[in-house]
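Geometric and topological summary
Read off the chains here:
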Amino acid sequence: MAEPSDTVPPARPLVLMRFRPVWTYIDGVREFCRFFCDTTFKTSDLAERASVVIQETLENAVKYSTGGDEAELELRIQSQGETIEFSVSSLPDPLHLPTLRAELSSIASQTPEEAYVAAFLRAASEPGEASRLGLARIRHEGRAELSLEEEPGGRIRITATGTVC
Amino acid sequence: MLNPALLPPPDVTSVKIGVSSDGVTLSGSITTKEPDRSLGRFFRTVHEAALQSRLSELRVDVRGLSFVNSSAIRVFIDWAIWVSQATGTGYRLRFVRNPNVTWQRVSFPAIAQLAAQHVVIEDGS
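Residues numbered from 1 in each chain as written. Chains lettered and ligands numbered in written order. Predicted model: local features only at pLDDT ≥ 70, side-chain atom pairs only at ≥ 80, totals over all residues.

**Describing the overall build of chain A**
- Within chain A, the regular secondary structure consists of five helices and five strands.
- Written out in order from the N terminus, the α and β elements of chain A read β-α-α-β-β-α-α-α-β-β.
- Against the globule reference of 15 Å for 165 residues, chain A gives a C-alpha radius of gyration of 16 Å, in line with a compact fold.
- With the C-alpha coordinates of chain A rotated into their principal frame, the extents come out at 60 × 35 × 30 Å.
- In chain A, buried positions account for 33% of the 165 residues.
- Within chain A, residue pairs in contact and separated by at least 24 positions form 67% of the contacts whose partners lie at least 6 positions apart. (Helix = DSSP H or I, 4+ residues; strand = E, 2+ residues; numbered from the N terminus. Rg over C-alpha atoms; globule rule 2.2 N^0.38 Å. Buried ≥ 20, exposed ≤ 12 C-beta atoms within 10 Å, placed from the backbone. Contact = placed C-beta atoms within 7 Å.)

**Considerations on the overall build of chain B**
- Along chain B, the regular secondary structure elements total three helices and five strands.
- Beginning at the N terminus, the succession of helices and strands in chain B can be written as β-β-α-β-α-β-α-β.
- The globule rule puts the C-alpha radius of gyration for 125 residues at 14 Å, and the 13 Å found for chain B is close to it.
- Taken along its principal axes, the extent of the C-alpha atoms in chain B is 35 × 30 × 25 Å.
- Burial statistics for chain B: of 125 residues in total, 39% are counted as buried.
- Within chain B, residue pairs in contact and separated by at least 24 positions form 73% of the contacts whose partners lie at least 6 positions apart.

**A closer look at the pairing of strand β2 (residues 73-80) of chain A**
Residues and elements named next belong to chain A.
- When strand β1 (residues 15-19) meets β2, the two strands line up antiparallel, connected through five bridges. Counterpart to L16 in the pairing with β2 is R76.
- Judged from the seven bridges that link them, β2 and strand β3 (residues 83-90) form a sheet pairing that is antiparallel. The residue bridging R76 from the neighbouring strand is S87, located in β3.
- Between the antiparallel neighbours β2 and β3 lie two residues, among them G81 with a positive phi of about 60°. (Pairing = 2+ DSSP bridges.)

**Points about the packing of helix α1 (residues 35-52) of chain B against helix α2 (residues 70-85) of chain B**
Residue and element names in this part refer to chain B.
- Their axes nearest at 10 Å, the elements α1 and α2 cross at an angle of 25°. Classed by the angle they form, the pair α1 and α2 counts as roughly parallel. In this structure, α1 crosses over α2, and the sense of that crossing is right-handed. Judged by residue contacts, P35, D36, L39, G40, F43 and H47 of α1 engage S71, A72, R74, V75, D78, W79 and W82 from α2.
- Among the residues forming the contact of α1 with α2, the class breakdown is seven nonpolar, three polar and three charged. (Axes fitted to C-alpha atoms, helices over the stretch in contact; angles between N-to-C directions. Parallel < 35°, antiparallel > 145°, perpendicular 65-115°, else oblique. Left-handed = near helix turned anticlockwise from the far one by under 90°. Nonpolar A, V, L, I, M, F, W, Y, C, P; charged D, E, K, R; others polar.)

**Some remarks on the interface of chain B and chain A**
- Across the boundary between the two partners, chain B contributes 18 residues, which contact 21 residues of chain A.
- Counting residues per element, the ones that place at least two in the side of chain B that touches chain A are α2 and α3 (102-114) of chain B.
- Split into classes, the residues belonging to the side of chain B that touches chain A amount to nine nonpolar, six polar and three charged.

**A look at the sheet that holds strand β2 (residues 23-30) of chain B**
All names here are of chain B.
- One open sheet holds the five strands; their spatial order is β1-β2-β3-β4-β5, and the pairing between them is mixed. Bordering the open sheet on either side are β1 (15-20) and β5 (119-123), each of which pairs with just one other strand. Averaged over all pairs of adjacent strands, the angle between strand axes in this sheet comes to 20°, irrespective of strand direction.
- Against the sheet, α3 makes contact with β3 (57-68), β4 (92-97) and β5, and its axis sits at roughly 155° relative to β5, the strand it touches most.

**A short note on the confidence of the model for chain B**
- Mean pLDDT over chain B stands at 94; residues scoring 70 or higher make up 100%.
- Scored as a whole, the predicted complex attains pTM 0.92, and scored at its interfaces, ipTM 0.92. (pLDDT = per-residue confidence, 0-100.)

**What to know about unusual backbone geometry**
All names here are of chain A.
- In this structure, R143 takes a positive phi of about 45° despite not being glycine.
- Tracing the chain through its elements places R143 in the loop between α5 (134-140) and β4 (145-150).
- Classification of R143 by C-beta neighbours within 10 Å gives partly exposed; the count is 17.

**What to know about the pairing of β3 of chain A**
- Pairing geometry for β3 of chain A and strand β5 (residues 156-163) of chain A, over eight bridges, is antiparallel. Residue pairing across strands places S90 of chain A opposite I156 of chain A, the latter belonging to β5 of chain A.

**Focus on the nonpolar core**
- Counting residues in each nonpolar core, the largest one holds 62 residues, and the members touching the most others are V53 and F120 of chain A together with I77, W79, A80 and I111 of chain B.
- If you tally residues by element for this core, the top one is α2 of chain B, at nine residues.
- With residues up to four places along the chain from it excluded, the contact list for I111 of chain B reads F120 of chain A together with F76, I77, A80 and V119 of chain B. (Core = buried A, V, L, I, M, F, W, Y, C linked by C-beta atoms within 7 Å.)

**Some words on the packing of α2 of chain B against α3 of chain B**
All names here are of chain B.
- Two elements in contact, α2 and α3, have axes whose closest approach is 9 Å; the angle formed by their N-to-C orientations is 30°. Here α2 lies roughly parallel to α3, going by the angle between them. The two elements α2 and α3 cross, and the hand of that crossing is right-handed. In contact with I73, F76, I77, A80 and I81 of α2, α3 contributes S107, I111 and L114.
- Residue classes in the contact of α2 with α3 are distributed as seven nonpolar, one polar and no charged.

**Looking at α3 of chain B**
- Every buried residue of α3 of chain B is accounted for by W103, Q104, S107, F108, A110, I111 and L114 of chain B.
- Looking at the buried positions of α3 of chain B, the neighbouring elements they touch are α2 (44-64) and α4 (112-125) of chain A together with β3, α2, β4 and β5 of chain B.

Given below as structure tokens:
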């Protein structure tokens, strides 16, 4: 007889999509996720937060993806109880990884609002550079905590975890 | 006063831009990859026209802008910085927002903090 396990099996994804890392897909995928959250959880607040999370995670994944057949993005939405997780797996240029790790660690060391204001100050002081506001927006506007998982084969998974309400 | 005839808005997919004598109205969404190349250039032209016509205040009505990406927020940040760095009389930049729209409620106070003497946030209905 099998021993009872302490580990809770992972929730089955509510949404699971795979697609090529193409900028023009982002709008359609975001709007589907907004509709999905609005319809499934009956909360427009979550739908708006989901839009920010999906837009910014997908933009990052598309911007830094390598080319080739293995570069498909995978988007998952999972929910258990009051918790909801949005995660995007991608195959980024390995040169981008240290920057991403540093950015996540810097953001995590501050409150969401502090990190957001700091990102605005940095953008203001670096005219002509990339905005780099996306991850701070996910934490503050999206009210989601971010984590990074490195997967075999050079893939990474960025997960944004928040609450349904 | 601005002369709308001299400020033709750029053709940006999914956003509608209106120009009047006292400012700009935006509606739709902005999620293009490089909005600085289209909208940013247009905002810069409006900014220079406002300085040239010695406008005391310029209204930017974003209430109808339901969603933007971070590159678009960056364009608004740039505008706030231009106003704060303008030499001479300058003008006040008034953003009219809808506080019920999350990105507007959260991001405009942060933009105003960057140029507190020059940027005003007004809550519209």
